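# Structural features, examined
For reference, the chains in residue letters:
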Amino acid sequence: MGIQFGDVVFYRRVDKGIRDQFMRSAVRAAQERMRTSRLRAAEELGDWEEWRRLGEEIRRHTLEHLDYYLEQLSDRVHALGGHVFFAQTAEEATSYIRDVVQKRDARRIVKSKSMVTEEISLNDVLEAIGCRVVETDLGEYILQVDDHDPPSHIVGPSVHKDRERIRRVFAEKLGYTGSAEPEEMTAFVRQQLRPDFLTAEVGITGCNFAVAESGTVCLVTNEGNGRLVTSLPPVHIAVMGMERIVPTWEELEVMVGLLCRSAVGQKLTSYINCLTGPKAAGDVDGPEEFHLVIIDNGRSDILGTEFQSVLQCIRCGACLNVCPVYRHIGGQAYGSIYSGPIGAVLSPLLGGEDLYRELPYASSLCAACTEACPVNIPLHDLLIRHRQKTAEEKRQSPLGERLAMKAFGMVAESPRLYRWGTKLARTALLPWEEDGVIRQGPGPLQPWTSIRDLPSPERETFREWFENRRKRGERP
Ligand code: SF4
């Protein structure tokens with residue numbers, strides 16, 4: 001799939017998202033649930049701000065010493081008998097994984113918990129060599145069965161579908177005849193997946209955190225499929241973004257606590273899988289072969305820049321659940337596997353500024369995302385920085401907007417021009433005024449006023465009001 005899905009232009013995606021009432025209400029309901037549980041879980045923890053500061057410190061420290069920790073992680077995995085591959089690009093990563101799969105002559109692959117494999121389009125590469133790749137996380141499975149419908153949330157990729165829609169998908173694609181009860185549908189999916197778990201030759205997972213001191217890969221899940229993917233097939237390939245690392249188990253404990261509470265409002269999820277190397281002599285289960293693929297794919301270009309803090313992200317999705325814009329347009333309107341506020345910051349950095357130039361503008365800058373982030377990423381500041389870059393450095397804002405801003409700058413710098421401008425504005429806008437508001441303004445005001453009412457300028461300017469009161473001897 002890659003970071004981008006579809007090639008529909010941004011405003012059409014937004015338009016579609018806004019019109020899709022069904023998606024909007026499904027997203028809103030899921031968002032409410034997750035937000036409320038997160039708040040409750042944070043309250044239970046005690047001084048949430050203190051925990052956030054600790055989380056931020058750990059992530060920042062790790063990023064500042066990333067080379068050291070990556071080397072330590074790699075040495076540990078090697079010492080345990082695993083293989084480590086550092087991939088600079090998506091192509092390097094996918095061709096390494098393809099080689100591992102081909103050497104084993106593998107045809108059946110099960111996957112769990114991985115956004116980064118979508119980022120590098122791994123499924124496409126493996127399917128092109130004749131492999132059957134099965135997503136085993138329930139949300140991902142639903143999307144895969146539904147003709148590879150794109151994800152709409154970082155934590156709940158199929159939140160835009162309700163149970164009835166899921167029932168229909170299963171009935172149409174898999175011949176399901178049961179009800180829309182989640183328990184029944186889940187039991188059905190379990191039956192579908194069981195043979196895949198038992199016959200897969202390779203299991204592929206992402207990695208929530210890797211512990212540098214022990215060479216451990218940690219997967220945080222609620223479904224239990226992660227354990228099957230990593231212990232049944234003879235080969236396990238874990239794919240991680242190079243920033244998903246913590247120095248020791250002590251920091252892992254803090255980060256897992258923050259992740260579970262922020263993502264699903266739980267103290268811990270049902271399964272915290274910690275996997276250290278391949279099966280050792282005497283172990284009853286586990287893979288014979290373990291590969292850790294560490295992906296850069298544009299991340300090192302972010303290190304050392306004003307956007308570095310975005311790499312602190314632990315993909316909890318809390319910023320999506322409080323975002324008023326995400327709630328209105330749905331995750332698919334972002335056109336990126338990384339949706340919501342974090343997606344609006346990250347997608348232009350990883351997927352290209354040209355492709356995602358509009359995303360930083362799709363924000364009200366209310367800062368709710370920054371407030372919710374468990375590792376204190378200043379998301380709204382980073383969105384403003386993106387806008388500044390687009391407007392000032394890249395000069396990619398529309399010509400009309402640039403000219404309007406230039407004209408406003410000139411007028412605002414000159415008291416005389418400003419006085420005239422404010423007087424003239426009212427007269428100039430009179431033809432579009434109706435009951436004190438402009439509903440369909442001219443020129444650059446048109447897109448703005450087509451969805452909002454602009455109060456028409458007052459008859460008396462502030463300066464006139466002030467001066468008149470002063471003349472009348474009233475307190476201004
Ligand atoms: S930016 Fe913060 S709130 Fe959003 S997904 Fe990342 S860690 Fe979670």
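Residues numbered from 1 in each chain as written. Predicted model: local features only at pLDDT ≥ 70, side-chain atom pairs only at ≥ 80, totals over all residues. Heavy atoms only, no water.

Stated precisely, the cut-off is as follows: UniProt positions are given in the numbering used here, feature names are shortened, and annotations may be inferred rather than shown by experiment.
Under the annotation held in an unreviewed UniProt entry, the protein chain carries the name Lactate utilization protein B and is attributed to Polycladomyces zharkentensis. Regarding the protein chain, the relevant UniProt record gives this comment under Sequence similarities (unreviewed entry): "Belongs to the LutB/YkgF family." The UniProt entry for the protein chain carries this comment under Function (unreviewed entry): "Is involved in L-lactate degradation and allows cells to grow with lactate as the sole carbon source. Has probably a role as an electron transporter during oxidation of L-lactate."

### Some remarks on the UniProt feature "binding site: [4Fe-4S] cluster 2" (unreviewed entry) in the protein chain
Filter applied, for reference: Numbering goes from the N terminus for both helices and strands, where a helix is a DSSP run of H or I of at least four residues and a strand is a run of E of at least two. The contact rule is simple, with two residues in contact once any of their heavy atoms fall within 4.5 Å.
Here the UniProt feature "binding site: [4Fe-4S] cluster 2" (unreviewed entry) sits at Cys 323, Cys 366 and Cys 369. Annotated residues spanning 47 residues; largest pairwise C-alpha distance 8.5 Å, indicating a single compact cluster. Within the fold, Cys 366 resides in the loop between helix H16 (340–351) and helix H17 (368–372). Beyond its immediate stretch of four places on either side in the chain, Cys 369 contacts Cys 319, Val 322, Pro 341, Leu 379 and His 380.

### Thoughts on the environment of Leu 193
Using the following cut-off: For every residue, the accessible area (1.4 Å probe, protein chains only) is compared with the maximum for its type, and the residue is labelled buried under 20%, exposed over 50%, or partly exposed between those bounds.
In this fold, Leu 193 is placed in helix H10 (residues 182–199). Owing to a relative accessible area of 5%, Leu 193 belongs among the buried residues under this scheme. Sequence-wise, Leu 193 and Val 110 are 83 residues apart; in three dimensions their C-alpha atoms are separated by 9.2 Å. In this structure Leu 193 touches Val 134, Glu 135, Thr 136 and Tyr 141, once residues within four positions along its chain are discounted.

### Examining the site of the ligand
Formally: Proximity is defined per residue: any heavy atom of the residue falling within 4 Å of a molecule or strand makes that residue near it. Residue type decides the class: Asp, Glu, Lys and Arg count as charged, Ala, Val, Leu, Ile, Met, Phe, Trp, Tyr, Cys and Pro as nonpolar, and the leftover types, Gly among them, as polar.
The environment of the ligand is made up of 13 residues, and the closest members are Cys 313, Cys 316, Gly 317, Cys 319 and Cys 373. Here the residues of the shell around the ligand are counted per class, giving 11 nonpolar, one polar and one charged.

### Quick word on the UniProt feature "binding site: [4Fe-4S] cluster 1" (unreviewed entry) in the protein chain
As annotated in UniProt, the feature "binding site: [4Fe-4S] cluster 1" (unreviewed entry) corresponds to Cys 313, Cys 316, Cys 319 and Cys 373 in the numbering used here. A compact arrangement is adopted by the annotated residues: their sequence extent is 61 residues, whereas the largest C-alpha distance between any two is 10.5 Å. By secondary structure assignment, the location of Cys 313 is in the loop between helix H13 (299–302) and helix H14 (318–321). Overall, Cys 313 belongs to the buried group, its relative accessible area being 7%. Filtering out sequence-adjacent residues up to four positions away, Cys 313 remains in contact with Arg 59, Arg 244, Ile 342 and Ile 377. What Cys 319 contacts, discounting residues up to four positions off in sequence, is Pro 341, Ile 342, Cys 369 and Leu 379.

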